Structures are given as structure tokens and as C-alpha cells.
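Secondary and tertiary structure notes
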Amino acid sequence: MAESLPEHERILQEIESTETACVGPTLRSVYDDQPNAHQKFMEKLDACIRNHDREIEKMCNFHHQGFVDAITELLKVRADAEKLKVQVTDTNRRLQDAGKEVIAQTEEIIQCRLQQRNITTVVEKLQLCLPVLEMYSKLKEQMNVKRYYSALKTMEQLENICFPRVSQYRFCQIMIENLPKLREEIKEISMSDLKDFLESIRKHSDKIGETAMKQAQQQKTFNASLQKQNNLSYGRNVYINNDGVPETRNEMVLKQNLEEEEEHEDEVLTAHDLVDFSPVYRCLHIYSVLGDAETFENYYRKQRRKQARLVLQPQSNMHETIEGYRRYFSQIVGFFVVEDHILHVTQGLITRAYTDELWNMALSKIIAVLRTHSSYCTDPDLVLELKNLIVVFADTLQGYGFPVNRLFDLLFEIRDQYNETLLKKWAVLFRDIFEADNYSPIPVSNEEEYKIVISKFPFQDPEIDKQCFPKKLPMSQSVPQIYIQVKEFIYASLKFSESLHRRIPAYRKRCHILHYTLSACGMLDARHAAEGEIYTKLNQKIDEFIQLADYDWTMTEPDGRASGYLMDLINFLRSTFQVFTHLPNNNNDHAAMSGKVAQTACMSACQHLSTSLMQMLLDNDLKQISMGAIQQFNLDVIQCELFASSEPVPGFQGETLQLAFIDLRQLLDLFMVWDWSTYLADYGQPGSKYLRVNPSTALALLEKMKDLSKKNNFFGPFRKNDRDKQKLIETVVRQLRGLVNGMSHQHP
């Protein structure tokens, strides 16, 4: 019994300290204990309750007086609260009366604030819309003044920048719907302008071509006169005939032409003066902006091809006058001058491949037309004028970058026709002279008559000179007349070779005529003069080919093939020397004479070519040269050596002709192999590998390479190989300068 009491106290403590939701397990333990534990627990619980009631009663008694005092104080405050309520009510009434005016004014302020905010919003929207409206107005103005390209740019700004800001407004939607219509209108207008442009250039092609050909001819005449002046200044390439008439006459004509061209120089118009190219630029830009450039390009090329076919169609009577040919050539030149201009000032409208294809098509048509119409011509003067016109035509188009070699090939065919007409014409003249001749010696009664005869024919005979007047000359009247006509025939045949890049027919005809005059008339002085002219003209022709050289002296790698100008030159020399094998040889003396002339001409040509190539390398105007350029130059020299070894003229012993290029060969080998140690070690020895290389020549060429090496190797000091190469060059330069200085001391 005593043991269960502490247990009941523990249970009561748990019940007091535990939350109501967790009392279940504690109460269950009361029923799980000993019998009558429930009754005992209840008794214990009642005792605990009575104990707590006593404590509550004590607590209430302790605090009762404070509660009474508080109630008393609250009753006193009640009266004061009533008074305060009355005062607050009165104060609130008076405050309400005073605030009615403030409320009215506040409502007015609020209304003004709302209006101000609305106005601000409207201003902001207007500021947003006004630029759009102004730009659209600008667009309409640009359309009115036909500034279509600017109008397209304005449309882009409207679509990309302006419209997105005001897309919610109805006027913006209307503008957006109008832009495609405006673009289509611009396309139609620009295409109309392009059609007008195409019609304009079709009408002005002949004038444009005439202007271009005139300018090309003036430039060629100027260059020729300048070259002639240079030749006269240096006293070379000047040939004076026995009577001096042809050269003097050409000089007078040249001077007169130059003066006339200078007087009318200001009157010459250009293609820009004759045709306004702005429509094609504008149309190209417009279609490019609209993303339809390909359509425009295809249309332009298609229309120009149609115009090309019309231009290439000649008139049926074109062969009757030179004006017909001139008009035909002027139209073609005008067409391709325009295409060349379009090629260089536009990007992508036409390409170089397109113009090349168009030119090749046109060239085939031109050659066929000229071949057909020239065959109808029987007048040598008209054929000669046609030749000159073809040369001007070819030179003009060549100046614009079009290949014209096939035109010069065509001149060979025209040359044959020209020669046939000349032979027919002079055959009649010779026949008339022989029929009118009495075949008796020419009598001269005094010195004046004698001078008249020898002024026509360079006759010299010491025995005849000793005789007294009157005397008879050992020839008939036909000899001076034939001599004069032979000269005229030579002049006429030479006229065809003027201004040509290849004059093989002229040399062949000249050689045939030379043989005829030697065998028929025995004019020894004329033979020497003709031989001298052949050597001079041949070297002069080599100079013309050399002037066409266009080396890239700073190239890093060679092209792998010889230069085109040199191959043309070698082909020219080869064909020229083959002419000598076709000379008629009636006896052994003539054969030996022709062989000697051929050998002398061939050796002179090779030596002149070698000297010219060496001068090209050592030219003071050439400041820098690369190893790649030397390798390219070596390919050209190899072709020269192959030509010399091919025995272009029979009769040379061994490698005699190849020795003309020995100086060049040793110089190039020295640089190609870079064999300076051998050169410097063997210098001055009779058996030196580079005996023909002068130190001053090697020094001049090496300094050109040195300057280029310094220029290209800006970062060279950071690369060991470049530093070593530069040091080697500087060392060789110093040693070469020492050799050059030593030579100058030995030969003060």
C-alpha cells in the first residue's frame, strides 16, 4: 500500500506536466497496476484537487484588494473619458468643415495631374511617330525626284528601325502595305532606265569606238615619235637610203600628224562624254538592295549578247569602201570599250570570263567576215588601208586587255592577197617599160644630162667617167625606169609591214626583191645597202619585242615556262632566217652570198639579243630583284640557247652561235648555284668556271638582291637562317667591291 502512493504521485505529476493528447498512456497505467489501484488513485487525485483549490483561494485573496483599487480608478477615468469624447467630436466637426475646401482643391490638382500625364503621354507618342512620318515623307520626296537608291535605303530604315516602334498604329500598317508597291515601282522604273541606256550605247557604239581608236592611234604615234627621237639622240637605228626620200618623207608625215593631233587633242571625247553610265550603276544597286541582283545580271548579259550579234553583222557592201570597214570596226570597239568599262567599275555584273567568252565569239565572227569581204577587194591601196585599220583596231582592243594574236595571223592571209595585187599591178608596169624600150645605150651630151641619169640610177664606172661628152652609157632607158619601179615596189611591200608586230612577210619579200635587183641589174651598192637595212631592221625588231617584256622582278617563284614575248621573238627569228633558205640561187656565188648574209644576220641578232637581256638585268632603274625573278630570267635564256643550238642558219661551226649568250649563262649559273666560293677562289685564272663574269656586273646584280632581301626580311634578325644568308651576301659584296677597286687601280 505504501509502495503504490509514490507511484500515484508520479502519475499525477505526469498528468499535470503532459499535454492532454498524451494522457492516454498514463491513465492506462493506473488500470494495469494492483487491484483497487483505481480507487486509490482517485483518492489521491481528490486530495490533489483540494490542495490546488486552497492554493487558488489564497492567490485570489492576495490579489483582491489590487483588483478593487483598479475598478475604483477606472470609474474615475470614465467621467474624464466622456469629456474627452465630446472635445474630440467637436474638434473633428470643425476639422471636417475646414477640410472641405482643401478636398475640393485636391481634387482639382488630381485632375490637373491626370491631364498633365495624358499630355506627356501624347507628346511621347507624337515624338515616337513624327520621325516615322517625316521619314515616310522623305521617302515620297525621294520617289518624286527619282532618287530611287536613296528611297530603298529609306525603306530599309523604316522597316528595321521606325516601324517596330509604332507598329500598333493603323497608319503604320498602311505604310507597311505600301512599301512592296513602291519597291516594285522602283524596279520597273530602273529597268526602263536600263533599257534606255542599252539603246543609247547601241546608238553611240560607233562614236565611242571611233574615239577609242583615235586615242589609241595618237598614243601609238606619240610613242613611235618618242622612240625615234631617242634613237636619233643616241645615234642608232637610223638608216638613210641612197636618195634619202623615204625616211625624210615619213618624218615629215609623222611631224605633221603630231601637230594636227595636238591641235585637235582638246576636241577628242571619251566614252563618259558620250554615254551616261549612271543608269546601269543605279539599276545594279537597286536590284542588289532588293536581293535580285542575279536577275539583273542575267538580263543585262542577255541583252548585250543580242547587241553583240547585231554589231558583228556587217553591211553587204562593206568591202566597197574603207568607210564601211571603219564603221564596222568602230561599232565593235565601242561595244567592247563599254563592256570593259562596266567590268572595271561594277562588281559582279560581268566577269573577265564573260568578256573573254564574248570576245572569243566575236573574234571568230570578225575573222570570218574580214576573210570573206577582203577577198572581194582588188585595189592594193584599199587592202593597205584595211591592213592599217585592222592594226589600229587590234592595238585599241589590245590596250583594253583583249587578245588579238588571231587578227595578226589574219594579216598573213591579207598580205598574200596584197602581194598578188601588187605583182599584178607592177607586172603591167614592167611590161609597158620593156615594150617601150629601144634597147640601145643611153646617150648623154653634157654633165647635166649625166647627173639626171645617175640621179635616177646610181651608176658608177671609172672608164665611162674618163670619157668626154657626148658619150653613151652601157644600159638602155629601161634600166633606170626598172630601178625606180623596183624601189617603188619595195616601198609598197614595206608599207604592209609597218605597225605590225611580226614582219616576216616583209623580210621575205625584201629578200626576193633584193635577189632580183642583184641578178637583173647588178646593183652592188644597192645590195650592200639592203644588207645593212636587214641587219638594222632585224635588231630594231628585236628591240620592239624586248620592250614588251614585263617581268615581276620581286616574284618568289618562277612561272615554270618561258616568257611569252621571248617565245614570240624566237619564233619570229626562226621564221625570218628560214626565209634565206627560200632565196632563189642561180649560181654558187649567189648561194654563198645569201649564206653569208644569213650567218651575219643571225650572229648579229643573237649578240644584240644577249646584250639587250644583259642591259635589262643591269638597268639602273631596276632597284631590286629576287631569286625567283632570276630563275624566270634563266628560263628565257635557256630558250635563247636552244634556239642558237638548233642551227637556225646552216654554216656555223660547233657552238659558235651559242657563245653569243656565254656571258649571260655564266652570270646566271653563278647566281643560280650560288657558287661564290668558286668564283672568288678562281677569279683571274684562265680556267675559271666563271671567266666571263665581270666583278662589277656580279656586284651590281648582287646589290639588287641584297636590297630586296633587306626589304622582305623585316623580321629577319629573329631567324638564324636569314641572318646567315644576309651576312653571306654582305661578305660577298665586300669581296666583290675589293675586286672592282683592284681593277680600277690597275687601270687608272
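Scope of this entry: the structure provided in the associated data block.

Reading the values: the criteria
Residues numbered from 1 in each chain as written. Predicted model: local features only at pLDDT ≥ 70, side-chain atom pairs only at ≥ 80, totals over all residues. Heavy atoms only, no water. Helix = DSSP H or I, 4+ residues; strand = E, 2+ residues; numbered from the N terminus. Buried < 20%, exposed > 50% of the residue type's maximum accessible area, 1.4 Å probe, protein only. Contact = heavy atoms within 4.5 Å. Areas by Shrake-Rupley, 256 points an atom, 1.4 Å probe, with all protein chains shown as cover. Core = buried A, V, L, I, M, F, W, Y, C linked by side-chain atoms within 4.5 Å. Axes fitted to C-alpha atoms, helices over the stretch in contact; angles between N-to-C directions. Parallel < 35°, antiparallel > 145°, perpendicular 65-115°, else oblique. Nonpolar A, V, L, I, M, F, W, Y, C, P; charged D, E, K, R; others polar. Salt bridge = Lys/Arg side-chain N within 4 Å of Asp/Glu carboxyl O.

Some points on the overall build of the protein chain
Summing up its helical and strand segments, the protein chain has 25 helices and two strands in all. Here the protein chain holds 748 residues, and the buried ones make up 38% of them. Counting only contacts in the protein chain whose residues sit at least 6 apart along the sequence, the fraction spanning at least 24 positions is 77%. With the model as given, the accessible surface of the protein chain reaches about 44,100 Å², and the carbon-plus-sulfur share is 52%.

Structural notes on unusual backbone geometry
Note that the residue after Phe-469, namely Pro-470, is joined by a cis bond; omega there is -5°. Mapped onto the secondary structure, Pro-470 falls in the loop between α15 (462-466) and β2 (471-473). In this structure, Glu-647 is a non-glycine residue whose phi angle is positive, near 55°. Here Glu-647 shows up in the loop between α21 (627-645) and α22 (662-673).

As for the nonpolar core
Judged by nonpolar contacts, the single largest core of 73 residues is most densely connected at Phe-329, Trp-359, Ile-366 and Phe-393. Sorting the residues of this core by element identifies α5 (170-234), α8 (278-289), α9 (293-311), α10 (322-345), α11 (352-374), α12 (380-399), α13 (405-436) and α16 (478-497) as the ones contributing at least two each. In terms of residue count, the dominant contributor to this core is α10 (twelve residues). Other than its neighbours up to four places away in sequence, Ile-366 contacts Leu-312, Tyr-328, Phe-329, Ile-332, Trp-359, Phe-393 and Leu-407. In this structure, Ile-546, Phe-572, Ala-601 and Phe-652 belong to the second largest nonpolar core, which totals 60 residues.

Structural notes on the environment of Lys-596
Within the fold, Lys-596 resides in helix α20 (residues 588-617). Using a relative accessible area of 60% as the deciding quantity, one classes Lys-596 as exposed. For the pair formed by Lys-596 and Pro-650, sequence separation is 54 residues and the distance between their alpha carbons is 9.9 Å.

A short note on the packing of α11 against α13
Between α11 and α13, the shortest axis-to-axis distance is 11 Å and the interhelical angle comes to 5°. Taken as axis vectors, α11 and α13 run roughly parallel relative to one another. Here α11 contributes Asn-360, Leu-363, Ser-364, Ile-366, Ile-367, Leu-370, Arg-371 and Ser-374 to the contact with α13, which in turn contributes Arg-406, Leu-407, Leu-410, Glu-413, Ile-414 and Gln-417. Its residues placed into classes, the contact of α11 with α13 shows seven nonpolar, four polar and three charged.

Focus on the packing of α10 against α12
For the pair α10 and α12, interaxial distance at closest approach is 10 Å and the crossing angle is 5°. Judged on the interaxial angle alone, α12 and α10 are roughly parallel. Facing Ile-322, Tyr-325, Arg-326, Phe-329, Ile-332, Val-333 and Phe-336 of α10, the residues of α12 in contact are Leu-382, Glu-385, Leu-386, Leu-389, Ile-390, Phe-393, Thr-396 and Leu-397. Taken together, the residues that form the contact of α10 with α12 break down as twelve nonpolar, one polar and two charged.

Remarks on the pattern of salt bridges
Tallying each qualifying case throughout the model produces 16 salt bridges. Note that Asp-292 and Lys-187 form a salt bridge whose closest N and O atoms lie 3.2 Å from each other. Here Asp-292, found in the loop between α8 and α9, pairs with Lys-187, found in helix α5; they are 105 residues apart in sequence, far enough to count as distant. Since its relative accessible area comes to 21%, Asp-292 is described here as partly exposed. The closest approach of N and O atoms between Glu-357 and Arg-305, which form a salt bridge, is 3.6 Å. Residue Glu-357 is found in helix α11, and its partner Arg-305 is found in helix α9; the two are separated by 52 residues along the sequence. Overall, the relative accessible area of 46% leaves Glu-357 in the partly exposed class. Taken together, the shared-partner salt bridges connect Asp-90, Arg-93, Arg-94 and Asp-97 into one network.

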